[in-house]
Amino acid sequence: PKTHIRVHIASPSVYRSPRSMTLNRLYQKVLNDDLNSFVYDAGVAGCNYRVTCTPTGFRISVSGYSEKLTDLLDVVTSRMQSLLQEMKEGPGVYPALGQKFNKAIDNLLRETKNFRMDSPYETAAYNGRMLMEENAWHVDTYVAEMEGEIAEKNPLRMEECAMAVEDSLFGRVKAEALCMGNINEASAQKVGEVIENHFLKQGVPLSDDEAPKFRSLKIPTKEEAIQIFGPDDAESTSKASVVVEEVAYSENEENNAIDFCLQAGCEHELGYEGIAILELIGHIAYTSAYQKLRTEEQLGYIVSAFPRKIMGGGQGLSVVVQSSSTLPATLEERCEAWLESFHKELIEMPEDQIAMEAAGVVAQLLERDTNLSDQVSSTWGEILLTETVNSMKLKTPAFDRLERLAQVLMLEENEDDDDDEMTLDKDVPRKTAAELKQLMIQMFEKYFLATSPERRVASFRVYSQKGKSIYEANKGKPGVLSSYDDSRHLKQYLSSWPSAPYWIQK
């Protein structure tokens, strides 16, 4: 008798600036703190709710027994409105609310500053985001809004927070919703009415041109890097086009890390076939990299290789290693050496093993949802994949996306083992294991092989405190970025990948 309702209110105002994002996050914290007591009885009765702020807007989730769930949605969204009105009147009128707001600032500041204390390999991945995503605010800009000179001159106020959120929720917005479970058409229509009455009627329809946009940037090839950084970059000992370096924030950090990111184009150019082949390469690479870099060379406890997805459609392969004994430059050399050996592995890999690895990826892609909650998450996930698509022609979710990806990897040899419940496109020809192997080798040699002129690779290094002197010595070298200012400067030279989704291809 349970139902799940998911709502997304899309707004370009949330991620407009670090301050706007901070104010919207503060509202989320104040709201959830307030709702704990406001709808306590709903939780006791087996109903759950959640309101979260994301760069693309606000997401509202309610679930539980069907009979009163639309009423709970009405109560939560009504409180979202009335809370804003109270916040606009200020802490002088509502001192308890002012205390909640100050508590939210303290909590958010602590969480944001703790983000700097992440493990080195997580910091390396974050630096990759900062370089490869066109529109991304750095963690330091969030901290500056809550602490330091900027915060002292222009402190965050509850009234300002209410005005910013009001623009995000009731300005130029659009809404998407999903109702699944034990819910009839009349109740689903009531959900639509609640959303329309509480949000859409007060706002202005959001046009496609104004919708939140995110683009992936192209890492330069080695030749392009020489044009950007000058001829001295050709003498660099690193085979990476760009090297981004940072020292771990914690003085007690003893680990070094590297995130060696190799781009493989964008999802629209790769299409279903390219994405599936990249998934297969990543599946095989994970075991190979762990065996070579962790088990045999014992570089560190954290070793991984996996397909890298970048906000805005970028795709690639990341090799991640964290080590307490080896410096990042040496880790990079070992990653390069592993890539060479992995290339030979693919060439020498027997076809029956290719078929077995492909079957493993297919099984992962087609893993069944075991309960309603999992089914809702899968369906809602496909809808959210379209939230940054800025054209209604491309907006329809591809609910069969994973099946179509899996079909690329289904081989002639395994045709008798097909799942009878799966809907297959009969026009898609089956490949042999030999053909699949050749496609993997072609992709690897085009995008990942060190001698390829099309290779786009960045090395994101994080040093322990012991390696700080090396970090300092590398500052100013061609192709080495030692701060976010350096990354921001380089991004002015980089073009972006097309952001159209791959699932529109038939």
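Preceding block: the structure.
Residues numbered from 1 in each chain as written. Predicted model: local features only at pLDDT ≥ 70, side-chain atom pairs only at ≥ 80, totals over all residues. Heavy atoms only, no water.

Colleague: How would you summarise helix H9 (residues 185-200) if you had to cite specific residues and measurements?
Modeller: Inspection of H9 places Val191, Val194, Ile195, His198 and Phe199 among the buried residues, and these make up the whole buried set. The arc that holds the buried residues of H9, viewed along the axis, is 95°, so those residues lie on one side. Residues of H9 that are exposed and point over 90 degrees away from its buried face: Glu185 and Ala186. (Buried < 20%, exposed > 50% of the residue type's maximum accessible area, 1.4 Å probe, protein only. Helix = DSSP H or I, 4+ residues; strand = E, 2+ residues; numbered from the N terminus. Arc of directions from axis to C-beta.)

Colleague: Could you give an account of the sheet that holds strand S5 (residues 204-205), naming the residues involved and the relevant values?
Modeller: Taken together, the five strands give an open sheet; going across it, the order is S2-S3-S1-S4-S5, and neighbouring strands pair in mixed fashion. In the strand order of this sheet, the two ends are held by strand S2 (48-54) and S5, each with one partner. (Pairing = 2+ DSSP bridges.)

Colleague: Any chance you could break down the pattern of salt bridges for me, citing the residues and the numbers?
Modeller: Proximity of charged atoms lets side chains of opposite charge pair with each other. Enumeration according to the criterion identifies 30 salt bridges in this entry. Note that Glu336 and Arg455 form a salt bridge whose closest N and O atoms lie 2.8 Å from each other. Placement of the pair is Glu336 in helix H12 (residues 328-348) and Arg455 in the loop between helix H16 (433-447) and strand S10 (456-463), with a sequence separation of 119 residues. Assessed through its relative accessible area of 8%, Glu336 is described here as buried. Residue class for Arg455 comes out buried when judged on its relative accessible area of 4%. (Salt bridge = Lys/Arg side-chain N within 4 Å of Asp/Glu carboxyl O.)

Colleague: If you had to explain the pairing of strand S3 (residues 57-65) to someone new, which residues and values would you point to?
Modeller: Within S3, seven of the nine residues are buried, which leaves the element mostly enclosed by the surrounding structure. Sheet analysis places strand S1 (residues 2-10) next to S3, joined by nine bridges and oriented antiparallel. For Ile9, the partnering residue across the bridge sits in S3 and is Phe58. Note that S2 and S3 share seven bridges and pair antiparallel. Paired with Arg50 across the two strands is Ser61, which belongs to S3. As consecutive antiparallel partners, S2 and S3 are separated by two residues.

Colleague: Please set out the sheet that holds strand S11 (residues 480-481) residue by residue, giving values where relevant.
Modeller: Taken in spatial order, the six strands of this open sheet run S8-S9-S7-S10-S6-S11, and their pairing is mixed. Two strands close off the open sheet at either side, each with one partner strand: strand S8 (302-310) and S11. Relative to S10, strand S7 (residues 256-266) is paired through seven bridges, and the arrangement is antiparallel. Paired with Asp259 across the bridge in S10 is Phe460. Helix H11 (residues 267-296) contacts S7, S8 and strand S9 (314-323) of the sheet and is inclined by roughly 170° relative to S8. Together, S7, S8, S9 and S10 form the strand contacts of H12, whose direction differs from that of S7 by roughly 45°. (Contact = heavy atoms within 4.5 Å. Axes fitted to C-alpha atoms, helices over the stretch in contact; angles between N-to-C directions.)

Colleague: Account for the side chain of Thr54, naming residues and giving values.
Modeller: Take Thr54: it is sitting in strand S2. The class of Thr54 is buried, set by a relative accessible area of 12%. Non-local contacts of Thr54, meaning those with residues more than four positions away in its chain, are made with His8, Val14, Met21 and Arg59.

Colleague: Report on the packing of H11 against H12, specifying residues and quantitative values.
Modeller: Two numbers describe how H11 lies on H12: the axes approach to 10 Å, and their chain directions differ by 125°. The pairing of H11 with H12 is recorded here as oblique in orientation. Both H11 and H12 take part in a crossing whose hand is right-handed. Where H11 abuts H12, its residues Ile281, Ile284, Ala285, Ser288, Ala289, Lys292 and Leu293 lie against Arg334, Cys335, Trp338, Phe342 and Glu345. Of the residues contributing to the contact of H11 with H12, the split by class is eight nonpolar, one polar and three charged. (Parallel < 35°, antiparallel > 145°, perpendicular 65-115°, else oblique. Left-handed = near helix turned anticlockwise from the far one by under 90°. Nonpolar A, V, L, I, M, F, W, Y, C, P; charged D, E, K, R; others polar.)

Colleague: Go over the nonpolar core, please, and point to the residues and values.
Modeller: Formed by 57 residues in total, the largest nonpolar core has its most connected members in Phe260, Leu293, Trp338, Leu409 and Phe448. Counting only elements with at least two residues in this core, the list comes to S7, H11, S8, S9, H12, helix H13 (351-365), helix H15 (401-408) and H16. Residues contacting Leu409, with those up to four places away along its chain left out, are Ala276, Ile277, Leu280, Ala358, Val361, Val362 and Leu436. (Core = buried A, V, L, I, M, F, W, Y, C linked by side-chain atoms within 4.5 Å.)

Colleague: Tell me about helix H6 (residues 139-146), and name the residues and values.
Modeller: All buried positions along H6 are accounted for by Val139, Tyr142, Val143, Glu145 and Met146. The buried residues of H6 occupy an angular sector of 155° when projected down its axis, which confines them to one face. Looking at the buried residues of H6, the elements they touch are helix H1 (18-38), helix H4 (95-115), helix H5 (120-132) and helix H7 (149-153). After H6 finishes, the residue Gly148 shows a positive phi value of roughly 110°.

Colleague: So what's going on with the pairing of strand S4 (residues 172-181)? Which residues, and what values?
Modeller: Looking at chain direction, S1 and S4 are connected through eight bridges and run antiparallel. Across the sheet, the residue bridging to Thr3 is Gly181, located in S4. Note: S4 against S5, two bridges, orientation parallel. The residue bridging Val173 from the neighbouring strand is Pro205, located in S5.

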